[in-house]
Amino acid sequence: MSTSNSSFKNKCVAQVNCIFCDSLLCTRGMKAVLLADTEVELFSTDIPPNRTVDFVASCYSTDSCKCKLRDIACLKCGNVVGYHVVAPCKPCLLSCNNGHFWMFNSDAVSTLNRLDATGLNLLLWGDLPELDDSENEEPESPSDEECIR
């Protein structure tokens, strides 16, 4: 799981919202960069964002790698907010990555950094519990005290 990689343990956990309708998309977001082009910033999550997004169109690949991708759209407003890596290519799997396969485009989402249980410190990935493969994210909205801009 991604939280076991020590290089990502100190990254902040973010709440990710659709920029078009402000709908909550996930509560386990991480700021990341595109492996094929590190100039491109995005947000990712390690678990499927259930009941907040759905697939649109069919799978595709880019010129920069052979990963199979499929766009995802916000269920509330229908706008494309990112993509799912359906089948990662070998070079991407072998590169330094956070293990996340659900990506949100920076220009399609807004984010809030979450706070830990004390409400005083930023919540870090290293502080999150490990998830079973069977677990999916529920669309729970953290309280205002758990998030900061």
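Everything quoted here is computed from the prediction, not taken from an experiment. (Residues numbered from 1 in each chain as written. Predicted model: local features only at pLDDT ≥ 70, side-chain atom pairs only at ≥ 80, totals over all residues. Heavy atoms only, no water.)

(A) A look at the overall build of the protein. A tally of regular secondary structure across the protein gives 1 helix and 9 strands. Along the protein, from the amino end to the carboxyl end, the secondary structure elements read β-β-β-β-β-β-α-β-β-β. Within the protein, the proportion of its 149 residues that are buried is 39%. Counting only contacts in the protein whose residues sit at least 6 apart along the sequence, the fraction spanning at least 24 positions is 58%. For the protein, the exposed surface amounts to about 8,300 Å²; the carbon and sulfur share of it is 50%. (Helix = DSSP H or I, 4+ residues; strand = E, 2+ residues; numbered from the N terminus. Buried < 20%, exposed > 50% of the residue type's maximum accessible area, 1.4 Å probe, protein only. Contact = heavy atoms within 4.5 Å. Areas by Shrake-Rupley, 256 points an atom, 1.4 Å probe, with all protein chains shown as cover.)

(B) Fine view of the nonpolar core. Residues Val 16, Leu 25, Val 53, Ile 72, Val 81, Phe 104 and Val 109 are the most contacted members of the largest nonpolar core, which totals 13 residues. Discounting chain neighbours no more than four positions away, the residues touching Phe 104 are Val 16, Leu 25, Cys 26, Leu 42, Phe 43, Thr 45, Pro 49, Val 53, Ile 72, Val 81, Gly 82 and Val 109. Judged by nonpolar contacts, the second largest core, of 10 residues, contains Ala 32, Tyr 83, Cys 89 and Cys 92. (Core = buried A, V, L, I, M, F, W, Y, C linked by side-chain atoms within 4.5 Å.)

(C) View of the environment of Tyr 83. Within the element layout of this structure, Tyr 83 appears in strand S6 (residues 80-87). Along the chain, Tyr 83 and Val 53 lie 30 residues apart, while their C-alpha atoms are 9.8 Å from each other. Setting aside chain neighbours within four positions, we find Tyr 83 in contact with Leu 34, Leu 42, Tyr 60, Leu 69, Arg 70, Asp 71, Ile 72, Phe 101, Trp 102, Met 103 and Asn 105.

(D) The arrangement of unusual backbone geometry in detail. For Asp 22, which is not a glycine, the phi torsion comes out positive at approximately 65°. Mapped onto the elements, Asp 22 comes out in the loop between strand S1 (14-18) and strand S2 (24-34). Taking relative accessible area as the criterion, Asp 22 reaches 52% and is therefore assigned exposed. The phi torsion at Ala 57 lies on the positive side, around 60°, for a residue other than glycine. Locating Ala 57 in the fold gives a position in the loop between strand S4 (53-55) and strand S5 (68-74). Exposure remark for Ala 57: the relative accessible area of 61% places this residue in the exposed category.

(E) The arrangement of the pairing of strand S3 (residues 37-45) in detail. Pairing of S2 with S3 involves 5 bridges; the strand directions are antiparallel. Residue pairing for S3: Leu 34 is matched across the bridge by Asp 37. Between S2 and S3, which follow one another and run antiparallel, lie 2 residues. Bridge analysis of S3 against strand S7 (residues 102-105) gives 4 bridges, and the strand direction is antiparallel. The residue of S7 that forms the bridge with Thr 45 is Trp 102. (Pairing = 2+ DSSP bridges.)

(F) Up close: the side chain of Gln 15. Position of Gln 15 among the secondary structure elements: in strand S1. With relative accessibility at 5%, the residue Gln 15 sits in the buried group. A polar side-chain atom of Gln 15 sits 3.0 Å from a polar atom in the side chain of Asn 17. (Polar contact = N/O pair within 3.5 Å; in protein donor to acceptor, adjacent residues only side chain to side chain.)

Remember that the coordinates give geometry; whether it matters functionally is a separate question.
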